Amino acid sequence: MKIVTLETIVVGTPWRELTFIELVTDDGLRGVAEARMLNKTDTLLSCLEEIGDRYVLGMDPFDVERLAWRVQWEEYGRVGEVTATALAMFDVACHDLIGQAVEQPVWRLLGGKMRERVPAYANGWYQGGRDPEAVAAAAKRVVDRGYRAMKIDPFGAASQELDTGGLRAATDILGAVRQAIGTGVGLMVEMHGRFSPSVAARVAAAVERFDPEWIEEPVPPYNPAGLRRIREHTNLPLAVGERVHVVAEFRELFEGGLVDVVQADLTHLGGFTGIRKLAGWAQAYDLLLAPHNVCGPVGTAANVHFAIAAGNYKVLEHFNDFADPWVADLVDNAPLVDASDGAFGVPTAPGLGVALDHAACARHPRTEAHFNLVQPGWERRDRVDPDIT
């Protein structure tokens, strides 16, 4: 079996573009993968074409380890976000092909069944502005949908600093949400790497009373010294890793004790091949994974397969019940969160178990979306141009 064709499709939403690939083999199988590349879709498409022509076309899809080695060593230049994403997409599509070829779901190829259910937490649900009562009402709807946990960034468009009024507004939102959902529902506090270390430490102290599951990326990802300072000022779990794209770059985080919840993104870390290596390494430090996931149905399906097989797994992020719920129609068998327990079930079909509906994809052409987290109103996720008010 050889890969003979690479096809790409981009689906646009007001705030994200979802890039899909299909790898077609000489015996007619189609392996699919997906990634959301933040604000660099064209760059990703170029990288997919270049790496695909060089390494993927003509390869046996079973040779995923060799593919990863070639992209790291034969390219010579350091692997960054775009290259790691392209590699991840090829890796996931190859695993889909392998599963189809041997007529087994991908999770069986990753070690078999570790768990029957994959707990999920909701994101993208707070789209109605920053009024605490309105956000609390939205949080209650998340619970009514069956979720047992949710994440929120209540800090508006803050960047590096946060004044007293901004901090009070954020804690008012968190307090209203916690009161609305009760103490039995998990609440994750997202910081999006917004803050300097001193500000992040102050914010961490202010949000402790809301008993968050974790605080996420309190400082930019290139600042482990900042994480060390925050670690000294809070007992809250630190969740980081979504913007780390090479397994080896987790070394300082692990060895320095600077992370409690590992949030690597399967679609930005070399796919199943990369994240499985990371999971094994994290297990040596007694760390759990809660992968970042802002994908539509294909990337989410890949994450569910990994979660079923991984030993040190905590919870999976999910946007698609509240932000662009129509993306479920882009495939024939979208993974769904069960309202009875807020979790995904075990896939049973060969491969990833999903196939693109090309007609549905065509109904949502590219939007050239620019998602700007330091633009006021970004939470609405309803605009292509961040300068439209």
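Thresholds, definitions, all that
- Residues numbered from 1 in each chain as written.
- Predicted model: local features only at pLDDT ≥ 70, side-chain atom pairs only at ≥ 80, totals over all residues.
- Heavy atoms only, no water.
- 1 Å grid on protein atoms, 1.4 Å probe; cavity = no way out; pocket = protein on both sides within 12 Å on 5 of 7 lines; lining within 4 Å.
- Points joined across faces, edges and corners; volume = space filled by probe spheres on them.
- Helix = DSSP H or I, 4+ residues; strand = E, 2+ residues; numbered from the N terminus.
- Nonpolar A, V, L, I, M, F, W, Y, C, P; charged D, E, K, R; others polar.
- Axes fitted to C-alpha atoms, helices over the stretch in contact; angles between N-to-C directions.
- Parallel < 35°, antiparallel > 145°, perpendicular 65-115°, else oblique.
- Left-handed = near helix turned anticlockwise from the far one by under 90°.
- Contact = heavy atoms within 4.5 Å.
- Salt bridge = Lys/Arg side-chain N within 4 Å of Asp/Glu carboxyl O.
- Buried < 20%, exposed > 50% of the residue type's maximum accessible area, 1.4 Å probe, protein only.
- Expected span 1.5 Å × (residues − 1).
- Arc of directions from axis to C-beta.

A. Spotlight on the layout of surface pockets. Taken as a whole, the largest pocket encloses approximately 810 Å³ of empty space. Forming the boundary of the largest pocket are 36 residues, of which Leu38, His192, Glu217, Glu242 and Arg243 lie nearest the centre. The computed volume of the second largest pocket comes to approximately 530 Å³. Lining the second largest pocket are 21 residues, and of these Ala68, Gln72, Val79, Val246 and Val247 lie nearest its centre. Residue assignment for the lining of the second largest pocket shows that the elements contributing at least two residues are α2 (64–74), α3 (81–102) and α10 (271–283). Tallying contributions element by element places α2 first for the lining of the second largest pocket, with five residues. Of the residues contributing to the lining of the second largest pocket, the split by class is eleven nonpolar, six polar and four charged.

B. Spotlight on the packing of helix α1 (residues 41–56) against α3. α3 packs onto α1 with a crossing angle of 55 degrees between their chain directions and a minimal axis gap of 9 Å. Our classification of the angle between α1 and α3 gives oblique. For the pair α1 and α3, the crossing hand works out as right-handed. Between α1 and α3, the contacting residues are Thr43, Leu44, Cys47, Leu48, Ile51, Gly52 and Val56 on the first element and Val82, Thr83, Thr85, Ala86, Met89 and Phe90 on the second. Along the lines of polarity and charge, the residues of the contact of α1 with α3 split into nine nonpolar, four polar and no charged.

C. Representation of the pattern of salt bridges within the structure. The full count for this structure, using the stated rule, is 26 salt bridges. Within this structure, Glu17, Asp42, Arg366 and Glu368 form a network of salt bridges that share partners.

D. Layout of helix α7 (residues 197–207). Of all eleven residues making up α7, eight are buried, and the element is well covered by its neighbours. Among the residues making up α7, those that are buried are Pro197, Val199, Ala200, Ala201, Val203, Ala204, Ala206 and Val207.

E. Fine view of helix α5 (residues 132–144). The end-to-end C-alpha separation of α5 is 18 Å, in line with the 18 Å expected for 13 residues at 1.5 Å each. For α5, the set of buried residues is Val135, Ala136, Ala138, Ala139 and Val142. Looking straight down α5, one finds that the buried residues subtend no more than 160 degrees of arc, so they occupy a single side. In α5, those exposed residues whose orientation departs by more than 90 degrees from the buried face are Glu133, Arg141 and Asp144. Those residues of α5 that are buried are in contact with β4 (118–122), β5 (149–152) and α6 (164–181). Following α5 by one or two positions, glycine 146 has its phi on the positive side, about 115 degrees.

F. Structural detail: empty space enclosed by the protein. Inspection of every chain in the model, using the stated rule, returns three cavities of 30 Å³ or more. Reported here for the second largest cavity is a volume of approximately 70 Å³. Every residue lining the second largest cavity is listed: Glu217, Pro218, Val219, Pro220, Pro221, Leu227, Val240, Gly241, Val244 and Leu253. Of the residues contributing to the lining of the second largest cavity, the split by class is eight nonpolar, one polar and one charged.

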